[in-house]
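Architecture and fold: a report
One-letter residues, chain by chain:
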Amino acid sequence: MAEARRYGAVLRAWFRETLPAAGNARRLGVLTLIQSLGLGVFLTSSAVFFTRTLGIPAQRVGLALSVAGLCGLVCTVPIGRLADRLGAGRVLTVNFLLAAAGFTAYCLVDGFAAFLAVACAIAVLETSAGALQASLTDALVGEAERVRVSAQMRSLFNLGFLGGAALAGAAIAAGTSTALYATVLANAALQFVSVAVLLRMRLPAGAGPRAAAEAPGGVLRSAALRDVRYVAVALVCGALELYHPLLTVGLPLWIVTSTDAPALLVSGLLILDTVLVLLFQVAVSRGARTPAGAARMLRWAGWALGASCLVFAMSGGHGVLLDSAALLGGALVLVLGELYQASASWGLSFGLAPAGRQGEYQAVFSLGRGLQQFAGPWLMTSLVVGAAGTGWLVLAALFALLGLAAPPLVRGLEKARARTEPAPA
């Protein structure tokens, strides 16, 4: 009985830590759950929908999605500047309405040209949505709580994504076009639900787009892109996010082509990663609430991710038990690096952005993530599958060096900012 009470107390403490407080923070959490549910449904079923239901060849699907990814990168910063001028909430509302129309349009596609056009439009909306939501988070909860709330939203994102993936799995198992069309239309409907949640949010007094009106230049001119040190920090942080294609592309290919571990371990490691992020992301984020703390955490992320690659390299062809144990150990170290990297990214992207310019600077910070998404799958297949053990060593060195670069880059940026800021009267 005493043990049950102790476990109950731990569970209640975790819920208090992970669930956002009542008000705007909780509404942001609900918004994250809705969006992640739709994303889980769509991403899990989209490849089957595009190839089997729409009849687009797999190679052309890959080409279209690569082009779409580039479109998203090009448009993110102008949309971020627009959010600074008009308010992130307004721009995000339009984003969700257009996304609803875009996902519906997928059901009307009758050829490659139409598919490419819709894919590009959706990519622009999805790529910009992350920066818009970060800017909105800053406006709604303020400097003291924005890293913590971002961590809570990431935990809730994983929960929603798992639910969406399960629903998509049921649709794929049904094997009918109707079921797959339903997954796309469900995602479109969830965009309208997101709009309804957004409309219930209220900005605190004095928050909003007024400060952004003082930002120099027009929507297409970005001072953040000319801030070389900030861009360097963004690229380092984005490059460390290579753990994502490592987990979803490189590691599955390594398991099925180069190890004696069962193929079932692919999904097992993904589920393990998702659950651990859900459990521990908020707790880990405590050390990243200042740029200096976030920079140290980014260094730890690089070391942990590099160490995971060394452990994964030990899993090649040593029998089922040894390979499985090495893969499990590497996954546990990798998720530690993932937790550090995600926490550091919030501390740096929020903390290094000038007041009133969160939309623009969040958009620029997301470019590192976008480049990783574009180049990551190719890099993982080239190194992990093409170069085998040597590839793991190269990845380990890359992660470690990126981690070492983070603190001096952040210190240099803060010193440069201090020199250019006017002295207090």
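How each quantity is defined
Residues numbered from 1 in each chain as written. Predicted model: local features only at pLDDT ≥ 70, side-chain atom pairs only at ≥ 80, totals over all residues. Heavy atoms only, no water. Helix = DSSP H or I, 4+ residues; strand = E, 2+ residues; numbered from the N terminus. Buried < 20%, exposed > 50% of the residue type's maximum accessible area, 1.4 Å probe, protein only. Contact = heavy atoms within 4.5 Å. Areas by Shrake-Rupley, 256 points an atom, 1.4 Å probe, with all protein chains shown as cover. Salt bridge = Lys/Arg side-chain N within 4 Å of Asp/Glu carboxyl O. Patch = residues over 30% accessible without salt bridge, like charges linked within 9 Å, V, L, I, M, F, W, Y side chains within 5 Å. Polar contact = N/O pair within 3.5 Å; in protein donor to acceptor, adjacent residues only side chain to side chain. Core = buried A, V, L, I, M, F, W, Y, C linked by side-chain atoms within 4.5 Å. Axes fitted to C-alpha atoms, helices over the stretch in contact; angles between N-to-C directions. Left-handed = near helix turned anticlockwise from the far one by under 90°. Nonpolar A, V, L, I, M, F, W, Y, C, P; charged D, E, K, R; others polar. Phe/Tyr/Trp six-rings, centres within 6.5 Å; stacked < 30°, edge-to-face > 60°. Lys NZ or Arg CZ within 6 Å of the ring centre and 35° of its normal. Expected span 1.5 Å × (residues − 1). Bend = angle between axes of the 7 residues up to and from the residue. pLDDT = per-residue confidence, 0-100. Parallel < 35°, antiparallel > 145°, perpendicular 65-115°, else oblique.

This part is about the overall build of the protein. From N to C terminus, the protein includes 15 helices and zero strands. Within the protein, buried positions represent 49% of all 425 residues. In the protein, of all internal contacts separated by at least 6 residues, the share reaching a separation of at least 24 is 85%. Accessible surface computed for the protein: about 18,800 Å², of which carbon and sulfur atoms make up 69%.

In this structure the tally under the stated criterion is five salt bridges. Residue E338 pairs with R154 through a salt bridge whose shortest N-O separation is 2.7 Å. Of this pair, E338 sits in helix 13 (residues 320–351) while R154 sits in helix 6 (residues 146–174); the two residues are 184 residues apart in sequence, bridging distant segments of the chain. Judged by relative accessible area, which is 16%, R154 ranks as buried. In the salt-bridge network here, residues are joined through shared partners; they are R81, R357 and E360.

Here we take up the environment of V384. Note that V384 resides in helix 14 (residues 358–386). Distance from V384 to S258, taken between C-alpha atoms, is 9.5 Å for residues 126 residues apart in sequence.

Let us look at a nonpolar patch on the surface. Together, L162, I271, V275, L279 and F280 line one region of the surface with nonpolar side chains, adding up to about 380 Å² of accessible area. One can find I271 in helix 11 (residues 265–284).

As a further point, take the side chain of Q281. Relative to the helices and strands, Q281 is located in helix 11. Of the polar contacts made by the side chain of Q281, one reaches the backbone oxygen of L339; its length is 3.3 Å.

Note that soluble globular proteins tend to have their nonpolar side chains buried in a common cluster. The biggest cluster of nonpolar side chains holds 58 residues, and the ones touching the most others in it are L246, L251, L298, L327, L348, W392 and L395. At the level of secondary structure, the elements contributing two or more residues to this core comprise helix 3 (58–86), helix 9 (228–240), helix 10 (243–258), helix 11, helix 12 (291–313), helix 13, helix 14 and helix 15 (388–420). Those residues in contact with W392 that lie beyond four places of it in its chain are L246, L251, W254, C309, F312, A313 and V384. Of all hydrophobic cores here, the second largest spans 25 residues; its members include A99, F103, Y106 and A188.

The subject of this paragraph is the environment of L156. Following the sequence through the fold, L156 ends up in helix 6. Accessibility expressed as a relative area gives 7% for L156, which makes it buried. Taking the C-alpha atoms as reference, L156 lies 9.6 Å from I34; in sequence the two are 122 residues apart. Apart from residues no more than four positions distant in its own chain, L156 is found in contact with L19, P20, G29, T32, L33 and S36.

Right, let's get into the packing of helix 2 (residues 24–53) against helix 6. Axis separation between helix 2 and helix 6 bottoms out at 6 Å; the angle between their running directions is 35°. In this structure, the crossing between helix 2 and helix 6 has a hand that is right-handed. Of the residues assigned to the contact of helix 2 with helix 6, the class counts are 18 nonpolar, nine polar and no charged.

Before going further, it helps to examine the packing of aromatic side chains. One pass over the full model with this rule turns up 15 aromatic pairs. Seen in terms of ring centroids, F42 and F50 are 6.0 Å apart; in terms of plane orientation they differ by 70°. Their pairing is edge-to-face. A relative accessible area of 3% places F50 in the buried class. Measuring from centroid to centroid gives 4.9 Å for F42 and F103, while their planes differ by 70°, and the two rings are edge-to-face. Pair noted here: F42 is in helix 2 and F103 is in helix 4 (residues 88–106), with a separation of 61 residues, a long-range link. Residue class for F42 comes out buried when judged on its relative accessible area of 5%. In this structure an aromatic cluster arises from ring pairing among F42, F49, F50, F103, Y106, F115 and Y181. Here R60 stacks its cationic end above the ring of F112, 4.0 Å away from the centre of that ring.

Let's shift gears to helix 5 (residues 112–141). Residues spaced three or four apart along an α-helix face the same direction, because each turn holds 3.6 residues. In a regular helix each residue adds 1.5 Å, so 30 residues correspond to 44 Å; helix 5 covers 43 Å between its end C-alpha atoms and thus fits that length. In the structure, helix 5 departs most strongly from a straight axis at A129, where the bend amounts to approximately 30°.

What follows covers the confidence of the model for the protein. Here the protein averages 83 in pLDDT, and 88% of its residues register 70 or above. Helix 1 (residues 2–18) is the least confidently modelled element of the protein, averaging 63 in pLDDT, while helix 4 averages 94, the highest of any element. Low confidence marks residues 210–215, where pLDDT is under 50. Its contacts with residues over four positions away, or in another chain, come to seven contacts.

By the secondary structure assignment, A239 is in helix 9. In this structure the C-alpha to C-alpha distance between A239 and Q373, which are 134 residues apart in sequence, comes to 9.4 Å. Other than its neighbours up to four places away in sequence, A239 contacts F399 and L402.

Another aspect to go through is the packing of helix 10 against helix 13. Direction vectors running N to C along helix 10 and helix 13 enclose 170°, while the axes themselves pass 11 Å from each other. Judged by the angle between their axes, helix 10 and helix 13 are roughly antiparallel. Across the interface between the two elements, Y243, L246, L247, L251, W254 and I255 of helix 10 pack against L327, L334, E338 and Q341 of helix 13. Residues that form the contact of helix 10 with helix 13 fall into these classes: eight nonpolar, one polar and one charged.

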